[in-house]
Structures are given as structure tokens and as C-alpha cells.
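Structure assessment
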Amino acid sequence: MTTTFITGANKSLGLETARRLVETGHTVLIGARDPQRGRAAAASLGARFVRIDVTDDASVEAAAADVAAHEGTIDVLVNNAGVLGRVGPAEEYTAADMSAVLDVNVVGIVRVTHAFLPLLRKSSNPVIVNVSSGMGSFGMTQDPARIESQYALPLYSASKAAVTMLTTQYAKELKDVRVNAADPGQTATDFTGGLGHSVAEGAESIVALATIGPDGPTGQFIDRSGNLPW
């Protein structure tokens, strides 16, 4: 039985990923900040709720201790929690705005990975999936044929560029773990104001990477169609 921990899993892409993985037979742990929403999401899927705030060291450490006490190990870690951050005129962005986005989208991944890596290393097939975005790709945001080139989201895009680079560097360092980044694409969530393809379609790349075998890829950045430019 594969045990999977997903951050930010009480709604949108995280919840859909959890649903799909439960259907494939995974034991899924729903990580979320809000206990009421997290418990409701877990109950709706037959999963288990674990409270976690990826911006808080103590919360992350407590979540890892909770999983160690109950499951003893995990096979898959999906770093899905993320925020869009402030959107608006560039001259209004502050250092605090940038710090807030990085703390969730990038530093949060480091916090959670650090805390859960000992549990992952007990698995015979340890996998990390970092949910990134085409908005963090230099190639895609500069390609007029891509929808990513039509938007300017400096804070979010910079954070997701960091996520993809962090992914490739972890993949080089963690030789015993397959570490990849998934791009859901423009998905109809609260991030996009309902624009884009369905959440089910957006979750496909995450699910694909969460279900790879021991001979699966590492250090890759993919969407549901395949590998993407950095």
C-alpha cells in the first residue's frame, strides 16, 4: 500500500489529486491548515487529516511526528500548498509581499521536505512531487504562442521559477528519491478566477508523477502532455 502525504489538500488541485490517488489505492493523508475544512475533505474521500501550516516550523515538525506515530512512513510527498500573492501594479509590490509568497511556495517546500525526508527514506520507492507552474518557465512566459506569455505575475512567477530549480537541485542531491515538478496548466480555480481547464485535467500531471515506479524519471518538469521547457 502506497502512503501519500499532500499539502494544501483540502480544496482545488490538492483535493482532486487526493481523490484520484485514493481511487488508485493509495493511503492518502490530507495536509491542511484549517482543521474543519481538512477533516471534511478527508472524510469525503476516506483519507486521514493531518494539520500542517507549511509556513510554521513547529506545525510542520508536528505533522511529521503525527505521521511517524500513525503510519511510520510515507512513499509519496506532494508539495502542493501555494499562494498567488499580491497581483497589481509592479510599483506597489513590497519586500513583505515577496517574502509572503516565497515563504509558502518555496520555503514551505524546504520545510516540509526536510521534516518528511526521514519518513520517505523508509520507503522502497520514495517520490516527491513539487507543484510548480508554467508561469515560472522562462521559455513558456516568453513564447507568444503560450498563454503564460499573456500574464504578468512577478511574485508568483518568480516563486515558481524557484520551485522548478529547487526540484532539479534536489533531484541531483537526493539520489535515492525521485523528485519532479508538475505544471497543472491554467486550471479553473480561485487562482485563475475560474479560467482554464478543469481541476481534473489540472491534476493529471501531479497524479502521473505521484504514481511513478522505481524506474521513473527524476528532475523533470512536466504537464499532462509531457516535458516542458525551463
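Provided above is the structure to which this section pertains.
Quick summary incoming for the structure in this document. (Residues numbered from 1 in each chain as written. Predicted model: local features only at pLDDT ≥ 70, side-chain atom pairs only at ≥ 80, totals over all residues. Heavy atoms only, no water.)

The next thing to look at is empty space enclosed by the protein. Scanning the entire structure with this criterion turns up 1 cavity of 30 Å³ or more. Along its surface, the largest cavity is lined by Thr7, Val54, Asn79, Asn80, Ala81, Val104, Gly108, Ile109 and Val112. The biggest single contributor to the lining of the largest cavity is helix α4 (residues 95–120), with 4 residues. Among the residues making up the lining of the largest cavity, the classes are represented as 5 nonpolar, 4 polar and no charged. (1 Å grid on protein atoms, 1.4 Å probe; cavity = no way out; pocket = protein on both sides within 12 Å on 5 of 7 lines; lining within 4 Å. Points joined across faces, edges and corners; volume = space filled by probe spheres on them. Helix = DSSP H or I, 4+ residues; strand = E, 2+ residues; numbered from the N terminus. Nonpolar A, V, L, I, M, F, W, Y, C, P; charged D, E, K, R; others polar.)

Right, let's talk about the sheet that holds strand β1 (residues 3–6) for a bit. Pairing is mixed in the open sheet, where 8 strands are placed in the order β3-β2-β1-β4-β5-β6-β7-β8. Looking at which strands have only one partner, the edges of the open sheet turn out to be β3 (48–51) and β8 (226–227). Taken together, the 4 bridges between β1 and strand β2 (residues 27–32) define a ladder with parallel strand orientation. Directly across from Thr4, in β2, lies its bridge partner Val28. The strands that helix α1 (residues 12–24) touches are β1 and β2; relative to β1, the one it contacts most, it runs at about 175°. (Pairing = 2+ DSSP bridges. Contact = heavy atoms within 4.5 Å. Axes fitted to C-alpha atoms, helices over the stretch in contact; angles between N-to-C directions.)

This next bit is on the nonpolar core. Ranked by size, the top nonpolar core spans 28 residues in total, and within it Phe5, Val67, Ile74, Leu77 and Phe116 carry the most contacts. Mapped onto this core, the elements with two or more residues apiece are α3 (57–70), α4 and α6 (154–173). Counting residues per element, this core draws most heavily on α4, which supplies 9 residues. For Phe116, the contacting residues outside a window of four places in its chain are Phe5, Ile52, Val60, Ala63, Ala64, Val67, Ile74 and Leu77. One finds Ala32, Val76, Val129 and Ile206 within the second-largest nonpolar core, a separate group that totals 25 residues. (Core = buried A, V, L, I, M, F, W, Y, C linked by side-chain atoms within 4.5 Å. Buried < 20%, exposed > 50% of the residue type's maximum accessible area, 1.4 Å probe, protein only.)

So, about the pattern of salt bridges. Oppositely charged side chains can pair when the atoms bearing their charge come close. Scanning all chains against the criterion turns up 12 salt bridges. A salt bridge links Glu23 to Arg19, with the nearest nitrogen and oxygen atoms 2.5 Å apart. With Glu23 and Arg19 both in helix α1 and 4 residues apart, this pair spans about one turn of that helix. Residue Arg19 is classed as partly exposed on the basis of its relative accessible area of 29%. In this structure, Asp103 engages Arg111 in a salt bridge whose closest nitrogen and oxygen atoms are separated by 2.9 Å. In this structure Arg111 comes out as buried when scored by relative accessible area, which is 17%. Connected through shared salt-bridge partners, Glu16, Arg19, Arg20 and Glu23 make up one network. (Salt bridge = Lys/Arg side-chain N within 4 Å of Asp/Glu carboxyl O.)

Among the 5 residues in strand β6 (residues 178–182), 5 count as buried, and that is most of the element. Neither face of β6 is exposed, since Arg178, Asn180 and Ala182 on one face and Val179 and Ala181 on the opposite face are all buried. With 5 bridges connecting them, strand β5 (residues 127–131) and β6 associate as parallel partners. In the sheet register, Ile128 faces β6, and the bridge partner there is Val179. Pairing geometry for β6 and strand β7 (residues 221–223), over 2 bridges, is parallel. Across the sheet, residue Ala181 finds its bridge partner in β7, namely Phe221.

The next thing to look at is α6. Compared with an ideal rise of 1.5 Å per residue, which puts 20 residues at 28 Å, α6 spans 28 Å between its outermost C-alpha atoms and is within 8% of the ideal. On its buried side, α6 packs onto α4, β5, β6 and β7. (Expected span 1.5 Å × (residues − 1).)

Turning our attention to the environment of Ala62. Mapping Ala62 onto the fold places it in helix α3. With 43 residues separating them along the chain, Ala62 and Asn105 place their C-alpha atoms 20 Å apart.

A separate point is α1. With 13 residues, α1 should reach 18 Å at 1.5 Å per residue; the first-to-last C-alpha distance of 19 Å fits that figure. Those residues of α1 that fall on the buried side of the exposure criterion are Leu13, Gly14, Glu16, Thr17, Ala18 and Leu21. For α1, the secondary structure elements touched by its buried residues are β1, β2, α2 (35–45), α7 (199–202) and α8 (204–210). Once α1 ends, the next one or two residues include Gly25, with phi positive near 105°.

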